[in-house]
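# Chain and residue survey
The residues making up each chain are set out below.
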Number of protein chains: 2
Amino acid sequence: MKIAVDAMGGDHAPGCVIEGVRLALESVAGLEKIYLAGDEERLRPAVQEAGLTSPQVEIVHAPEVVDMGESPALAVRRKKRSSIAVSVDLVKEGACQAVVSAGNTGAAVAATTIKLRLLPGIDRPGIASPIPNDHGMCSLIDAGANPDPKPHHLLAYGVMGAVYARHVLGVANPRIGLMSLGEEDTKGTEFTKDVFRLLRSSGLNFVGNVEGHDLFERPLDVVLCDGFIGNVVLKSCEATAHAMFKWLKQELTRTPVRRLGAMLARSAFLGVKERVNYENYGGSPLLGVNGICIIGHGSSSPKAIQNAIRVAAEAIAHEVNPHIVEELKRLGATTHA
Amino acid sequence: MKIAVDAMGGDHAPGCVIEGVRLALESVAGLEKIYLAGDEERLRPAVQEAGLTSPQVEIVHAPEVVDMGESPALAVRRKKRSSIAVSVDLVKEGACQAVVSAGNTGAAVAATTIKLRLLPGIDRPGIASPIPNDHGMCSLIDAGANPDPKPHHLLAYGVMGAVYARHVLGVANPRIGLMSLGEEDTKGTEFTKDVFRLLRSSGLNFVGNVEGHDLFERPLDVVLCDGFIGNVVLKSCEATAHAMFKWLKQELTRTPVRRLGAMLARSAFLGVKERVNYENYGGSPLLGVNGICIIGHGSSSPKAIQNAIRVAAEAIAHEVNPHIVEELKRLGATTHA
């Protein structure tokens, strides 16, 4: 498998990205080649310093960078030689099968949508963000690609999320929930009620409305919502976990006895930290584009990049896109507006 | 101060509600009388059993109950003698100054809006839910009263949240943020961009867009969002805290050494639990109705009810509504569509 990595994407690029590529080459099965897209003058010494001299790594010059605050649509139009644009071009030209970026999410969505186009039957791509549910990994779709969706977009996300859960995560009959204000069928906005009706007659294993309460403990494989809510929910959950660890640390260091207790139980805290640590999940597939794109967290560490590359390799190996196309065909016109 | 309490509202009513009233009578300054609205035949023995024989408590018969799953609009129209309807009637008649309910939120919103009407200049009420921010209590508005708002509704929530923060929480110059997808002015949906423009020219201390990441650590007094997002975010944050405590417990009981450590550090865990425990905040003011209504968590404990009554007493004492009316007048037509 050959994967393009946006070397300039993310808060700690290119250092963390290069280190993540090194870790991935050591650990991800079937990985043949990584194309590192970015400013050659900056990348070459950094790659050498990291000892990444393997012939499996090839630098592809991309002199421009899309910054985190830039307008995605403008950036894609104006910066033809940005690291994300060049990465996506490599997929388009067939040089590789997937792209990984921890840079400006909107730019990755825009570049892949414009250059690779969408799968037949798909109007808008959606980001499937992994949630550590007690019953296995759950995908929250959409985590921010499409903040103002139409009801049929969420139906398509349901189909794609189910395919991803079945073929990549190995879930036989993925359970799909719709984020709403209460479990009852009648709860929600006009938008969620429309989506509810589409899902109920879709043939998917739709379990009905779910609530914020259900994210971690109710058996769910896919939770659907608009991209605005998905983004806000994810960041709010991260903020809660972060604040709790901080408060715990404040409380644990307050007395000598608590400090001793904390020392003895240290490995337990690390266990929970690992469990909520996004670095271990690594990346969120952008479902719906005609090619594989994995979006990393803006503050991706080497481990996060390594895992994003692993997620890309799994999506390639399990042929997510052909399966999505097949499933959309099977469901016929039901996912169209 | 006289307050009506919906004795049948909440998952553990009437037991927890009655116990909460007892705690409030012992602790809330200036509380003269509690009207307990509910089925007299059920309430009288329960009140006696709880030893709540104070002449400060008066049972007001309300034979009907609005269930959690019922349609609020229908329930308010059809069940004229429900515990929430009778509670609100007591405010309307001037027998008391506030109502507290942990029952069906939609029914409380509908009953107060229909019976008490809204403050002049207000189109829709909004729930101000307290968030334990590191820099003081922050109000998330709206937490679910208005899932499909117009931009000027959020402007009004900003005005009301600022008044609440200033007059009840004692914040001199409340900082108001708008929940969006990124800090940049350009981020968000058409809806949030419209709200952004209204807030920027409002004269409020508007700090701009905020993200889920900012809820607990960035200095903010009011965070504005639509009621759908507010509700989902609150429940997701609660779910995260709940899951983390569960995972922590699992990890801490895994080995004898960890168990010993957990025992020594026990008070630290309780400290964090208290900090994230909604029972300590007690209730969310429903801002905008012409009367004071405090909405409790559906699973309210006695302590939560006690604190909801405290929040009601504070809103009465600090004359929130007259201050809101004054502030809306001062800002003139800017909060209108």
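Structure: see above.
What this report covers is the structure whose coordinates are included nearby.

Calculation criteria
- Residues numbered from 1 in each chain as written.
- Chains lettered and ligands numbered in written order.
- Predicted model: local features only at pLDDT ≥ 70, side-chain atom pairs only at ≥ 80, totals over all residues.
- Heavy atoms only, no water.
- Helix = DSSP H or I, 4+ residues; strand = E, 2+ residues; numbered from the N terminus.
- Rg over C-alpha atoms; globule rule 2.2 N^0.38 Å.
- Buried < 20%, exposed > 50% of the residue type's maximum accessible area, 1.4 Å probe, protein only.
- Areas by Shrake-Rupley, 256 points an atom, 1.4 Å probe, with all protein chains shown as cover.
- Lys, Arg positive; Asp, Glu negative; His and termini not counted.
- Charge placed at Lys NZ, Arg CZ, Asp CG, Glu CD.
- Axes fitted to C-alpha atoms, helices over the stretch in contact; angles between N-to-C directions.
- Parallel < 35°, antiparallel > 145°, perpendicular 65-115°, else oblique.
- Left-handed = near helix turned anticlockwise from the far one by under 90°.
- Contact = heavy atoms within 4.5 Å.
- Nonpolar A, V, L, I, M, F, W, Y, C, P; charged D, E, K, R; others polar.
- Buried area = accessible area lost by both parts, 1.4 Å probe.
- Salt bridge = Lys/Arg side-chain N within 4 Å of Asp/Glu carboxyl O.
- Polar contact = N/O pair within 3.5 Å; in protein donor to acceptor, adjacent residues only side chain to side chain.
- Pairing = 2+ DSSP bridges.
- Least-squares fit on C-alpha atoms with pLDDT ≥ 70 in both.
- Right-handed = clockwise from strand over helix to strand, strands pointing away.

Helix and strand counts for chain A come out as 12 helices and 11 strands. For 337 residues, the compact-globule formula gives about 20 Å, and the C-alpha radius of gyration of chain A, at 20 Å, lands near that figure. Counting the 337 residues in chain A, one finds 58% classified as buried. Accessible surface computed for chain A: about 13,100 Å², of which carbon and sulfur atoms make up 51%. Seen as two clouds, the 35 positive and the 37 negative side-chain charges of chain A have centres 2 Å apart.

Residue and element names in this part refer to chain B. Running from N to C, helix α6 (residues 151–167) and helix α7 (residues 190–200) point in directions that differ by 45 degrees, and their axes come no closer than 9 Å. Classified by the angle between their axes, α6 and α7 sit oblique to one another. Considering the relative orientation of α6 and α7, their crossing is right-handed. Note on element contacts: α7 touches α6 through F191, D194, V195, L198 and L199, opposite P151, H152, L154 and L155. Of the residues contributing to the contact of α6 with α7, the split by class is seven nonpolar, one polar and one charged.

All names here are of chain B. Tracing the backbone through its elements, the reader meets L287 in strand β10 (residues 284–287). With relative accessibility at 4%, the residue L287 sits in the buried group. For the pair L287 and Y157, spaced 130 residues apart in the sequence, the C-alpha separation amounts to 7.7 Å. With residues near it in sequence (within four places) discarded, L287 still touches P125, G126, A128, I141, M160, G161, Y164, V320 and I324.

Of the residues lining the interface, 57 residues belong to chain A; the matching set on chain B comes to 57 residues. Summed over both partners, the interface of chain A with chain B comes to about 5,100 Å²; 71% of that surface belongs to carbon and sulfur atoms. It is F228, M244 and W247 of chain A that lose the most area in chain A upon contact with chain B, and together they represent 14% of the buried surface on that side. Summed over the shared surface of chain A and chain B, the number is six salt bridges. A salt bridge links E211 of chain B to K235 of chain A; its shortest N-O distance comes to 2.3 Å. Viewed at the interface, chain B and chain A are joined by 18 residue pairs in polar contact (both at pLDDT 80 or more). When residues of the side of chain A that touches chain B are traced back to their parent elements, those giving at least two are α7 (190–200), α8 (227–252), α9 (256–264) and α10 (266–276) of chain A. If you tally residues by element for the side of chain A that touches chain B, the top one is α8 of chain A, at 23 residues.

Moving on, we come to the sheet that holds strand β4 (residues 98–101) of chain B. All names here are of chain B. Taking strand neighbours across the sheet as the criterion, the 11 strands line up as β3-β2-β1-β4-β11-β10-β5-β6-β9-β7-β8 in an open arrangement whose pairing is mixed. On the outer flanks of this sheet lie β3 (57–61) and β8 (206–210), each paired with one strand and no other. The sheet shows a mean angle of 25 degrees between the axes of neighbouring strands, direction not considered. Packed onto the sheet, helix α5 (residues 105–116) meets β4, β5 (126–133), β10 and β11 (292–295) and runs at close to 175 degrees relative to β11.

Least-squares fitting of chain A to chain B yields an RMSD of 0.0 Å, with the superposition described by an axial translation of 0.0 Å and a rotation of 180 degrees. Such a turn and shift between the copies fits a two-fold axis. In terms of proximity to the rotation axis, the leading residue of chain A is G261 of chain A, whose C-alpha is 1.8 Å off the axis. In this assembly the copies share their binding face: 100% of the residues contributing to the interface of chain A also contribute to that of chain B.

Another aspect to go through is the pairing of β3 of chain B. Residue and element names in this part refer to chain B. The pairing of strand β2 (residues 33–38) with β3 spans five bridges and is classified as parallel. Within the sheet, the bridge partner assigned to Y35 lies in β3 and is E58. For the handedness criterion, the β-α-β arrangement of β2, helix α2 (residues 40–49) and β3 is classed as right-handed.

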